[in-house]
Amino acid sequence: MDLTIHQTYLPQDDPEAALAFYRDTLGFEVRNDVGYNGMRWITVGPVGQPMSIVLHPPAADPGITDEERRTITEMMAKGTYASINLATDDLDGVFEKLQASDAAEVVQEPTDQPYGVRDCAFRDPAGNMVRIKQLG
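Now for a look at the structure at hand.

Calculation rules
Residues numbered from 1 in each chain as written. Predicted model: local features only at pLDDT ≥ 70, side-chain atom pairs only at ≥ 80, totals over all residues. Heavy atoms only, no water. Core = buried A, V, L, I, M, F, W, Y, C linked by side-chain atoms within 4.5 Å. Buried < 20%, exposed > 50% of the residue type's maximum accessible area, 1.4 Å probe, protein only. Helix = DSSP H or I, 4+ residues; strand = E, 2+ residues; numbered from the N terminus. Contact = heavy atoms within 4.5 Å. Phe/Tyr/Trp six-rings, centres within 6.5 Å; stacked < 30°, edge-to-face > 60°.

Some details on the nonpolar core
Side chains of a nonpolar character, in soluble globular proteins, are inclined to be buried together.
Argument step 1. Of all hydrophobic cores here, the largest spans 22 residues; its most connected members are Tyr22, Ile53, Leu55 and Ile132.
Argument step 2. Secondary structure elements with two or more residues in this core: α1 (15–25), β3 (39–45), β4 (52–56), β5 (83–88), α3 (91–101), β7 (118–123) and β8 (129–134).
Argument step 3. Considering every element that reaches this core, the biggest residue donor is α1, with 4 residues.
Argument step 4. Residue contacts for isoleucine 132: discarding those within four places in its chain leaves Leu86, Thr88, Leu91, Val94, Leu98, Arg118, Asp119, Cys120 and Phe122.

The structure is reproduced here in structure tokens:
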């Protein structure tokens, strides 16, 4: 079986803040930006890599109940709804850029974890956990 990850989804509740973080701060390219009924789906990804992140309006699915929408909103506010792990050759440089940008909330400074990974963590403007690990 030959599978690749094509897209993954993260909720965003402020398209401009999401663009400021993923495009302007992380340097991802915008691959698509679709509006519908006052909502926006923005597809971004690392330049030169085929994998994409679709930043979508939370709870836009018509099958979700009002109670489920409230739960999603509460979980996003706590930073427990969605997450993504990224990797870089220059963890300290990326951390400094993100910290200086004020586009994301620092959760954890670069740390050598007991399980052998050096990483840091941020919350993006929608509250999604973004962990970044050092490669190599």
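Some details on the packing of aromatic side chains
Argument step 1. If you walk through the whole model with that rule in mind, you get 3 aromatic pairs.
Argument step 2. Where phenylalanine 21 meets tyrosine 22, the ring centres are 4.7 Å apart and the plane angle is 90 degrees; that geometry is what we call edge-to-face. Judged on exposure class, the residue phenylalanine 21 and its partner tyrosine 22 are both buried.
Argument step 3. Note on tyrosine 22 and phenylalanine 28: the rings are 6.3 Å apart at their centroids and 35 degrees apart in plane angle, and the pair reads as tilted.
Argument step 4. According to the relative accessible area criterion, tyrosine 22 is buried, its value standing at 1%.
Argument step 5. Since its relative accessible area comes to 11%, phenylalanine 28 is described here as buried.

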